[in-house]
Structure formats: C-alpha cells, structure tokens
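The primary structure of each chain is shown beneath.
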Number of protein chains: 2
Amino acid sequence: MIRVRNPGRLNVGILASGRGSNFEAIADAIERGDLNAEIKLIISDKEDALVLKKGAKRKIPVLCVKPGDFSDAAVYERALIAAFRSAEAELVALAGYMRLIGDEFINAFPYCIVNIHPALLPSFRGLNAQRQALEAGVRFSGCTVHIVDRGMDTGPIILQAAVPVCGDDDEESLSNRILEEEHKIYWRALRLYCEGRLYVEEKKVLISEEKDRRK
Amino acid sequence: MIRVRNPGRLNVGILASGRGSNFEAIADAIERGDLNAEIKLIISDKEDALVLKKGAKRKIPVLCVKPGDFSDAAVYERALIAAFRSAEAELVALAGYMRLIGDEFINAFPYCIVNIHPALLPSFRGLNAQRQALEAGVRFSGCTVHIVDRGMDTGPIILQAAVPVCGDDDEESLSNRILEEEHKIYWRALRLYCEGRLYVEEKKVLISEEKDRRK
C-alpha cells in the first residue's frame, strides 16, 4: 500500500477546456477555508475557454497552451509539465479537459493527476456520460473523482456521489443535477490529499480511517 | 412505446435457486396489502433450496425442476413454461436463479420475466457483483430490478437503489446492505406491473407519470 501524499497545504494546478465551474467550486472551498490549498496555475488548451477569464478575475495565473502549436502530443504535454512544475503545482486537477493524458505526464505527477467524470464509474466512461445514462435507462447516475491513469476514465476511484435519474430528465437537467454533486465532491477529494489520508493499493484507493479499520 | 400490462391483480411465479429472501420480501408485501398479487408457484432448480421450504410453509405450491432430468436446456425450459402457465402465472420473478433464460421462455412471458441483480447495472454484470464492486473500489453500489432479455443482466431497468460502499466492507457486509434494498425495490417493481404503469421503448422502461411528463 502506497501513501499518496503526506499531510500539508496543497499546491494545485488546473487543466481545463471549458466554463470552469469545477474550478470555481474548488476556488470557493479554498476561500471559505474548507480546503488548505492554493491554485497556482490554470492551463487551458482552448484560448476562448471561460475558465481562463474566471481564473484571471480571481488573480490566479492563467495560461493557454494549444496542442496545435507543438509538433506532437508528447512535446505538448512536456510543455504542460514544465508549466505546472515551474508554478510549483504538486497536483493537477482536470476540469472538463477533453484529452487523454500521456505516460510522461502521468509519471511526472504520480497519483496526483485527478479527474471528475459525470457518471458512477465504471458505468458510462468517455464522452457524453449523462446521455449514455439516459439512453441506458438507469435510475441512478452520479459523478466520480478518480486518479488519472492511462485509460479513459479507468483510474482508481477516490470519491463518488449518486444522483437519481428522473423519468422526464433530458441531458441538461440530468447534467445540472450531477454538476451540483461534482461541486461538492471535487474539493472534498482534494482535501483528502491535503490531509494525507489517501493510500493506493493496486487499482484501489483507500482513505485512512478505512485503512485503519481494516487492521 | 409498448404498455407492458394493463392494471390488475398480478399472478406471480417465482424461479429461484437459493434461500429465497427476495421471495419472502415479495410475499410479505402481498400479506401487508402493499402488492395486489398472488404467488401461484415457486420453482427451484435445486431440490435443497431453502426457498422451497419457505414457500411450502406459506402454503404456496412449490416444485423442483432439475435441468439434469431433461435432454437439453430447451426441453427443461419448456417444462418450466408449462408449469408456470398451468399455475396461471403471468409474470416470472427470478430470485437468485443462476442460469441464463432461453428465447422460448422469454417469448412465453413477453416483458414479464424480471430479475434482481445486486449492483447498479450496467456496472458489475454477472456473478459475484458485490465482490466485483469491492475490487473496483467504487464508493456506491446498489441493486437493479430489470426485465430479462437474452443477455446476462442486460435487460431494461425498472428500478434501482443506490447503496454506499464503506472502506471496511467485505463481501458479506456489502451484500447485506444491498440485500436490504433489494427487499424494498423488488416488490415495488412488481407493483408497477399491478398498476399498469410500465411501458417499454426500445431498451428503456418508462413508468407512467414519467411517460406523461414527457408529453
């Protein structure tokens, strides 16, 4: 069993492509004093991403790094690694970032790249998870914060929240209901890093009391 | 969209292999007056199944039909169909029945063979769903009542319940927590048949208010 990180203030990098509502929920938790962390840098692969504006408004350094400006994905990711490292980010939180993460990036932040996915994994990996849930006719869906590995939404699960699916839900109403829970569990998952409570055993995350109770 | 059944008292057949706790939860709901149904016959493929004793104790006709006594699976299932039909069962509820159901059986009771599975489908199909959930490290699992189709735990979902997974859970503790919910949702799913509230559209079940709300 590997302890993911010792307790202490956490320096966070955000890698996002969109409106940045999960970034805001994390930033709000920090401001409220619920999360002993600092967001050191926000990177987006899209220059018109709303998250860049929102970050700048909060006086957080923001950067647009476009894959098209690099010769290949590995070189692009090396730029991301360099930027996060020079900003002293220890953990990279993906927030609506729509690309797979390569080996070099994963190895640069061991167990410290996290993602939030709008489904109860392992159900509904990949794109349009809420639509997938509606098409499958499930009565519960939810969201998952997980450590990023080489697969698409396959890494060890840190926290999840379950959400009912209603018969008259469309993609938007279900997405909104799930998003509310995303905003509650993402910073809580980061807090477990701050508290030094996360351990990894093979493909599984253990949270420290859980680990102790197993003794 | 197909209406599965018109409202009215429901004649139920039970097909089980084990201890029959889900059978008991259904029988209790009928006794309490929560479910307008009658259990007309219990069939087990195992002669030592506790469900047979429990059924007989409640004065319900019980039958052991062993696949090994028949030349092949199709002939065996024809015997099951004949027995359920002659008992006037309209719906067959699987309760811990560990075999796939063949085409002829499915066609004999259209949309009226139901199963309960100890996971939030589509996650963790097949055997040992609770162990699969523990090994995957999920934070929520649950149970699913679904209409049986040709696949293994793939049919249209009627009802689900979500259940938290705790860090110190073993297979037994998680199974027990899920089982409590199974006992709550199985008879409720059957009640939707009694009330004539179930509709099927492609691979999806709609419950009538849901259908109305979509108009």
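A brief look at the structure comes next.

Analysis parameters
- Residues numbered from 1 in each chain as written.
- Chains lettered and ligands numbered in written order.
- Predicted model: local features only at pLDDT ≥ 70, side-chain atom pairs only at ≥ 80, totals over all residues.
- Heavy atoms only, no water.
- Least-squares fit on C-alpha atoms with pLDDT ≥ 70 in both.
- Contact = heavy atoms within 4.5 Å.
- Axes fitted to C-alpha atoms, helices over the stretch in contact; angles between N-to-C directions.
- Helix = DSSP H or I, 4+ residues; strand = E, 2+ residues; numbered from the N terminus.
- Left-handed = near helix turned anticlockwise from the far one by under 90°.
- Buried area = accessible area lost by both parts, 1.4 Å probe.
- Salt bridge = Lys/Arg side-chain N within 4 Å of Asp/Glu carboxyl O.
- Polar contact = N/O pair within 3.5 Å; in protein donor to acceptor, adjacent residues only side chain to side chain.
- Nonpolar A, V, L, I, M, F, W, Y, C, P; charged D, E, K, R; others polar.
- Buried < 20%, exposed > 50% of the residue type's maximum accessible area, 1.4 Å probe, protein only.
- Pairing = 2+ DSSP bridges.
- Right-handed = clockwise from strand over helix to strand, strands pointing away.

## Topic: the relation of the copies chain B and chain A
In step 1: Aligned on chain A, chain B shows an RMSD of 0.0 Å; the corresponding rotation is 180° and the shift along the axis is 0.0 Å. Such a turn and shift between the copies fits a two-fold axis. Across chain B, the smallest distance between a C-alpha and the rotation axis is recorded for Ser123(B), namely 2.7 Å.
In step 2: A shared binding surface is used by both copies, with 100% of the interface residues of chain B retained as interface residues in chain A.

## Comments concerning the packing of helix H5 (residues 129-136) of chain A against helix H6 (residues 171-194) of chain A
All names here are of chain A.
In step 1: Between H5 and H6, the shortest axis-to-axis distance is 9 Å and the interhelical angle comes to 115°. Crossing of H5 over H6 shows right-handed handedness. Contacts between H5 and H6 involve Gln 130, Arg 131, Ala 133 and Leu 134 on the former and, on the latter, Glu 171, Leu 174, Ser 175 and Ile 178.

## So, the interface of chain B and chain A
You'll often see interface size given as the accessible area lost when the parts meet.
In step 1: Counting residues at the interface gives 27 residues for chain B and 27 residues for chain A.
In step 2: Summed over both partners, the interface of chain B with chain A buries about 2100 Å², with 54% contributed by carbon and sulfur atoms.
In step 3: One can count zero salt bridges joining chain B with chain A.
In step 4: Linking chain B with chain A are eleven residue pairs in polar contact (both at pLDDT 80 or more), by the criterion used here.
In step 5: Considering each element in turn, the side of chain B that touches chain A owes the most residues, six residues, to strand E8 (residues 157-164) of chain B.
In step 6: Here the residues of the side of chain B that touches chain A sort into 16 nonpolar, four polar and seven charged.

## So, the pairing of strand E5 (residues 91-95) of chain A
For a regular strand, side-chain orientation follows a simple rule: the groups alternate between the two sheet faces.
Residue and element names in this part refer to chain A.
In step 1: Burial analysis of E5 places five of its five residues in the buried class, the great majority of the element.
In step 2: Side-chain alternation along E5 places Leu 91, Ala 93 and Ala 95 on one buried face and Val 92 and Leu 94 on a second face that is also buried.
In step 3: Examined bridge by bridge, E5 and strand E6 (residues 113-117) share two bridges and lie parallel to one another. Bridged to Ala 93 within E6 is Val 114.
In step 4: Considered for its hand, the β-α-β crossover made up of E5, helix H4 (residues 103-108) and E6 is right-handed.

## Digging into the pattern of salt bridges
In step 1: Tallied over the entire structure, the rule returns 36 salt bridges over all chains.
In step 2: The partner of Glu181(B) in a salt bridge is Lys184(B), and the shortest N-O contact between them spans 3.1 Å. One end of the pair, Glu181(B), and the other, Lys184(B), are both in helix H6 (residues 171-194), three residues apart, so they sit about a helical turn from each other.
In step 3: Connected through shared salt-bridge partners, Glu24(A), Asp28(A), Glu31(A), Lys54(A) and Arg58(A) make up one network.

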